[in-house]
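Spelled out, the chains give:
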Amino acid sequence: EAPEPPPTTDKKGKAKPDKRGDSKSSEGSGPLLRVPAGTEIPAFSATCADAEGECCPFESGRVVQLLLRTRAPKEPVDKKKGKKGDPPPPDAPPPAVLNELRLGAASSAEGSVTFQGSIVPEDLEPTSYEGQYELAFVDETPDHPILKFSSLPEEGLPTLELVVYPPPPPPAEAVRSP
């Protein structure tokens, strides 16, 4: 299955969000973001939510890192073992993490964490299989004598699937006439 065409970029070379930025990946694992290599990820916010999914406006001062993870390809399903049309087991573990790169960090303020200025490395290979890249959030809040935060388990934090396209071509230089 061929990837969709890359998103357009603005005059400054920043990626414009995909029109379906809130769409789900084909497996429904989470939101999908499409960005060319070497461009800035559009600013976005994550909401700190409680167990019921409600925003926690009192959540301020937590430090959250944004990681770019490269995952191994998913194991192919052995068609001989199951019947045709059998879905993969829902509790299958995610593919192994091959690489992690820190893209940035932000602090929570009134229940929201906003990430700005994170750039996808220019030398990152374009996506060649589903689930190859993901943006992951990791709680890195240091111990503080006044702010007593409970550490958030990494398994409970969301991820955002990332589709990487080749970098945009360099801007054409203006031709000067003599």
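Everything below is about the structure shown above.
Thresholds applied
- Position labels on residues start from 1 in each chain and follow its written sequence.
- With the structure being a predicted model, the display of local features is reserved for residues of pLDDT at least 70 and the display and counting of side-chain atom pairs for 80 or more, all residues being used for whole-chain, interface and lining totals.
- With hydrogens and water excluded, all non-hydrogen atoms of the structure serve as input to the side-chain values.
- Put simply, DSSP H or I for four residues or longer makes a helix, DSSP E for two residues or longer makes a strand, and each gets a number counted from the N terminus.
- Residue contacts follow a heavy-atom distance rule, with two residues in contact if any of their heavy atoms lie within 4.5 Å.
- For every accessible area listed, the method is Shrake-Rupley and the probe measures 1.4 Å; residues are considered covered only by the protein chains on display.
- By the criterion applied in these results, polar contacts are pairs of N or O atoms within 3.5 Å in which, for protein atoms, one can donate a hydrogen and the other can accept it, and in which residues neighboring in sequence qualify only through two side-chain atoms.
- Any Lys or Arg side-chain nitrogen located within 4 Å of an Asp or Glu carboxyl oxygen qualifies as a salt bridge.
- For each residue, the accessible area found with a 1.4 Å probe, counting protein chains only, is set against the maximum for its type, and the residue is called buried under 20%, exposed over 50%, and partly exposed in between.

> Can you help me understand the overall build of the chain in this one?
Of regular secondary structure, the chain possesses zero helices and seven strands. The order of helices and strands in the chain, counted from the N terminus, is β-β-β-β-β-β-β. Of the contacts made within the chain by residues no fewer than 6 positions apart, 78% connect residues no fewer than 24 positions apart. Split by element, the accessible area of the chain, about 12600 Å² in all, is 55% carbon and sulfur.

> What is the right way to read the environment of T141 from this model?
Looking at the secondary structure, you find T141 in the loop between strand 6 (133-139) and strand 7 (159-165). As for T141 and V63, which are separated by 78 residues in sequence, their C-alpha atoms are 4.6 Å apart. At 2.6 Å, the side chain of T141 forms a polar contact with the side chain of D139.

> What should I look at first to understand the pattern of salt bridges in this one?
Side chains bearing opposite charge may pair, as long as their charged atoms lie close to each other. By the definition in use, this model includes five salt bridges. Note that E134 and R71 form a salt bridge whose closest N and O atoms lie 3.1 Å from each other. In this pair, E134 sits in strand 6 while R71 sits in strand 3 (residues 63-71), placing the two residues 63 residues apart along the sequence. On the basis of relative accessibility, which here comes to 10%, the residue E134 falls in the buried class. We classify R71 as buried; its relative accessible area is 11%. Here the salt bridges do not stand alone but share partners, grouping R69, R71, E100 and E134 into one network.

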